[in-house]
Amino acid sequence: MLIDTHCHLTDAAMCGDNLSGVLARAADAGVGGIICPTANPADIQAALNIAQSHDNVWCTIGIHPEYAPMDAGAHLTDDILNHPRVIGIGEIGLDYHYGAENRMAQIELFRQQIEIARRAALPVAIHTREAEDDTADILNGDITGVMHCYTSSWELARKMLDRGFYFSASGILTFKNSDEVRETFRKIPIDRIVIETDGPYCAPVPHRGKPCEPFMVADTARVLGQLHGIRPEELDEILARNTTRLYPKMRLP
């Protein structure tokens, strides 16, 4: 069974009347579990509603750096963190791709959420783009989790491997110009890798240009298996096992 560890089911392309079709196509492709993160705090209740209504959907709840400055504690309340379908904090992190003018506000929001995750004993799903040094500095502690949609350097990967983090492969792994990403995932031990779509973004080959859905995670898994020389059936079991180690609150149906 494949598990899509990061898919934005609250996005308009997948929620509402579209959701039943999205979940049916996922099931047909052997995707037995989906983790729905939040980025916008306005999506938290919608993510919870989806997870509560489907026994193969879970949530990670967090606020993306694009919403800094923000009071994380006002949204990541104890009743949400203790919800049985909430298995982690994410996606959270840093993104300087469009400039670092609000760098300190992003860092403050990131630190707030790291502390919330630490108090709740929940793993974190980390977004980092063009912010490797600050990301590594902030995650240098007793927190664990996953580097979501990982495309950063092997140098950062080595640091985070030493700190017990997992790494999530997305459809970017299949892109023609992603040789460096593939080489990084070839080096990462297979027992520290999980897989995702980041839907509706990053659709893998051969689905480029389409909204990315959970069923497409199988195409990324195919490339990952080739990189590590592992048969699909064996890889599915490894990735599912890795996911439940990453997210201990997760109980597969």
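Residues numbered from 1 in each chain as written. Predicted model: local features only at pLDDT ≥ 70, side-chain atom pairs only at ≥ 80, totals over all residues. Heavy atoms only, no water.

Quick look at the layout of surface pockets now. Quantified by volume, the largest pocket comes out at close to 690 Å³. The wall of the largest pocket is formed by 28 residues, among which His64, Glu91, His127, His148 and Asp198 lie closest to the centre. Broken down by secondary-structure element, the contributors of at least two residues to the lining of the largest pocket are strand E4 (86-95) and strand E5 (124-129). The element best represented in the lining of the largest pocket is E5, accounting for three residues. (1 Å grid on protein atoms, 1.4 Å probe; cavity = no way out; pocket = protein on both sides within 12 Å on 5 of 7 lines; lining within 4 Å. Points joined across faces, edges and corners; volume = space filled by probe spheres on them. Helix = DSSP H or I, 4+ residues; strand = E, 2+ residues; numbered from the N terminus.)

With that settled, consider the pattern of salt bridges. Taken as a whole, this structure holds nine salt bridges when the rule is applied. A salt bridge links Asp95 to Arg129, with the shortest nitrogen-to-oxygen separation between them at 3.1 Å. Here Arg129 lies in strand E5 and Asp95 lies in strand E4, a separation of 34 residues in the sequence. For Asp95, a relative accessible area of 10% puts it in the buried group. In this structure, the salt-bridge partner of Asp134 is Arg103, at a minimum N-O distance of 2.7 Å. One end of the pair, Asp134, is in helix H5 (residues 132-138); the other, Arg103, is in helix H4 (residues 103-120), with 31 residues separating them in the sequence. (Salt bridge = Lys/Arg side-chain N within 4 Å of Asp/Glu carboxyl O. Buried < 20%, exposed > 50% of the residue type's maximum accessible area, 1.4 Å probe, protein only.)

A separate point is helix H6 (residues 154-162). Those residues of H6 that sit buried are Leu156, Ala157, Met160 and Leu161. Taken down its axis, H6 places every buried residue within 135° of arc, on the same side. On its buried face, H6 sits against E5, H5, strand E6 (145-147), strand E7 (166-169) and helix H7 (179-187). Positive phi appears at Gly164, one or two residues downstream of H6, with a value of about 90°. (Arc of directions from axis to C-beta. Contact = heavy atoms within 4.5 Å.)

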